[in-house]
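What follows is the residue order along each chain.
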Amino acid sequence: MSLFSSIYAERDAEIRSILTSVRCPSLQRVEEILAKSQSSVPEAPSLAELAELLQIGVTEGADEQVELLRAHTRKHWRAPSGNTLRYVSPIYVSSFCVDACPYCNFSALRKDTVRHRLSLDELDREIELVLARDARVIELVYATDPEYDTKALVRDVSRAVRAVENIEGGGVLLCTEYLPSETYQALADAGLRGIVQWDETLDEQAYNRWHSASPRKANFHARLDNHDRAMSAGLDVAHGALFGLADFRYDALMQVARARYFAEAYGRGPFVMGTARLKPIGGKELHLSTTVSDRAHENALTTYKIALPQAGRWLQTRETFEMNLRNLLDNDVFTYSCGDVQPGGYAQIKTTSIAGAQFGVNELERNYVDNELAKLGFKINYGWMSPARTLAAR
Ligand code: SF4
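Just so you know, these numbers come straight off a predicted model, no measurement behind them. (Residues numbered from 1 in each chain as written. Predicted model: local features only at pLDDT ≥ 70, side-chain atom pairs only at ≥ 80, totals over all residues. Heavy atoms only, no water.)

Colleague: Would you take a moment to explain the overall build of the chain for this structure?
Modeller: Along the chain, the regular secondary structure elements total 14 helices and 10 strands. The C-alpha radius of gyration computed for the chain amounts to 20 Å, which stays within 12% of the reference 21 Å derived for 394 residues, consistent with globular compactness. Along the first, second and third principal axes, the C-alpha atoms of the chain reach 60 × 45 × 40 Å. Considering only intrachain contacts with a sequence separation of at least 6, the fraction spanning at least 24 residues in the chain is 76%. As displayed, the chain has an accessible area near 15900 Å², and 49% of this comes from carbon and sulfur atoms. Across the chain, the 45 positively charged side chains and the 52 negatively charged ones have centroids separated by 1 Å. (Helix = DSSP H or I, 4+ residues; strand = E, 2+ residues; numbered from the N terminus. Rg over C-alpha atoms; globule rule 2.2 N^0.38 Å. Contact = heavy atoms within 4.5 Å. Areas by Shrake-Rupley, 256 points an atom, 1.4 Å probe, with all protein chains shown as cover. Lys, Arg positive; Asp, Glu negative; His and termini not counted. Charge placed at Lys NZ, Arg CZ, Asp CG, Glu CD.)

Colleague: Just checking my understanding: could you explain the packing of helix H1 (residues 5-21) against helix H11 (residues 248-266) for this structure?
Modeller: Helix-helix packing is described using two parameters, namely the angle between the two axes and the distance between the axes. Relative orientation of the contacting elements H1 and H11 amounts to 140 degrees, with a least axis distance of 10 Å. Between H1 and H11, the angle falls in the class oblique. As H1 packs across H11, the resulting crossing turns out to be right-handed. Of H11, the residues touching H1 (which contributes Ile7, Tyr8, Arg11, Asp12, Ile15, Arg16 and Leu19) are Arg249, Tyr250, Leu253, Met254, Ala257 and Tyr261. (Axes fitted to C-alpha atoms, helices over the stretch in contact; angles between N-to-C directions. Parallel < 35°, antiparallel > 145°, perpendicular 65-115°, else oblique. Left-handed = near helix turned anticlockwise from the far one by under 90°.)

Colleague: What's the story with helix H14 (residues 366-375) in this structure? I'm lost.
Modeller: Since there are 3.6 residues in each turn of an α-helix, residues three or four apart along the chain are aligned in direction. Among the residues making up H14, those that are buried are Val369, Glu372 and Leu373. In an axial view of H14, the angular spread of the buried residues amounts to 100 degrees, which keeps them on one side of the axis. Away from its buried face, by an angle of more than 90 degrees, H14 presents the exposed residues Asn367, Ala374 and Lys375. Buried residues in H14 make contact with strand S1 (83-86), helix H13 (321-327), strand S9 (333-334) and strand S10 (378-381). Of the residues one or two after H14, glycine 377 is the one with positive phi, at around 85 degrees. (Buried < 20%, exposed > 50% of the residue type's maximum accessible area, 1.4 Å probe, protein only. Arc of directions from axis to C-beta.)

Colleague: Teacher, can you tell me more about unusual backbone geometry here?
Modeller: Apart from glycine, the bulk of residues carry a negative phi angle, and the bulk of peptide bonds sit in the trans form. Backbone geometry at aspartate 134 places phi at a positive 85 degrees, although glycine is not the residue there. Examined against the element boundaries, aspartate 134 turns out to sit in the loop between helix H5 (120-132) and strand S3 (137-142). Positive phi, close to 65 degrees, is recorded for glutamate 200, a residue that is not glycine. For glutamate 200, the location among the structural elements is in the loop between strand S5 (194-196) and helix H8 (204-211).

Colleague: Just to check I follow, could you spell out the packing of H1 against helix H3 (residues 47-56) for this structure?
Modeller: Running from N to C, H1 and H3 cross one another at 45 degrees; their axes reach a closest spacing of 10 Å. What the angle tells us is that H1 and H3 run oblique. The two elements H1 and H3 meet at a crossing, and its hand is right-handed. Side by side, H1 and H3 meet where Arg11, Glu14, Ile15, Ile18 and Leu19 of the first sit next to Leu47, Ala48 and Ala51 of the second. Residues belonging to the contact of H1 with H3 are distributed by class as follows: six nonpolar, no polar and two charged. (Nonpolar A, V, L, I, M, F, W, Y, C, P; charged D, E, K, R; others polar.)

If you want it as structure tokens, here you go:
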């Protein structure tokens, strides 16, 4: 099996070296970088060139460069009409967690969190409710809950697969902690199509600062090759960093390196890139030295698109709808309702207050979303999974 860990040290050194001397590019230099990727023989921007583009987001007075990048991505990936967004319905199954990520309300150390684990009847009910809302692509979401061994995960995935297998464009994704190869194989055999797992940060030192109190998640190296294990089992993957845990420029470049590695090793990249940014949880602000401004975040979104034109980005309900409307491009993933990011959220089984939610989100009404998207030439595709084995662009 090919492993990302075999190239990690080399990429880490390369990116750190690039970031020690990167400068904000002039307008002319930005035009040069963009022209290369649009020439008759397109050339993907190098990590050093992408670092220049990311630097724009943290440089005072570089407004013209920001607008040039935005105009470029809109010109190529946002038509006046006919843009499509892919919808994913997360169904939270358990909020019991042994880990202790300080940025998550499901952390075992948070004693006030209202927790719940869905019974099988409740899981079926949540699936029914999202299907009634037209959703066809379901993402089952778990915390690090020891109750969910391979057998239990296969059982849940099989139930969700049975519910969508005869619906055009339907499919099931899974968001869990890292798992062994045999489990991924069993899940793929049960009909799972892909995994969604954010790397948090691939800056090992920063990762260890955030996760050393987590009994399972503390293992940076076991997590590093998790996507390889899933891809080797035939699953597709979504990966991304949680911006705000480390220098976001490092994380964005490492995620691009990771996506390019997958394309080379497996003949397919991620089916979508995660773009999460650290947000308040439990109604409380986190004050951090690595906070990522709106401008830097939006600039990172455009940089991802320029770096990986085939991959959509997963724009987050953690962000405001206004921000998402500014940044959405054709083929992105966008979800306007996440079941209040807690188990039983669609049926309102326990509580839909922030006390039971994983983090704060902006839940939106469908009609409002549809109207606002239509004004910009977008519509939502609820059943976008192809029957083909592979979701990701080659
Ligand atoms: S981010 Fe995941 S592993 Fe960490 S505390 Fe939350 S649910 Fe648990």
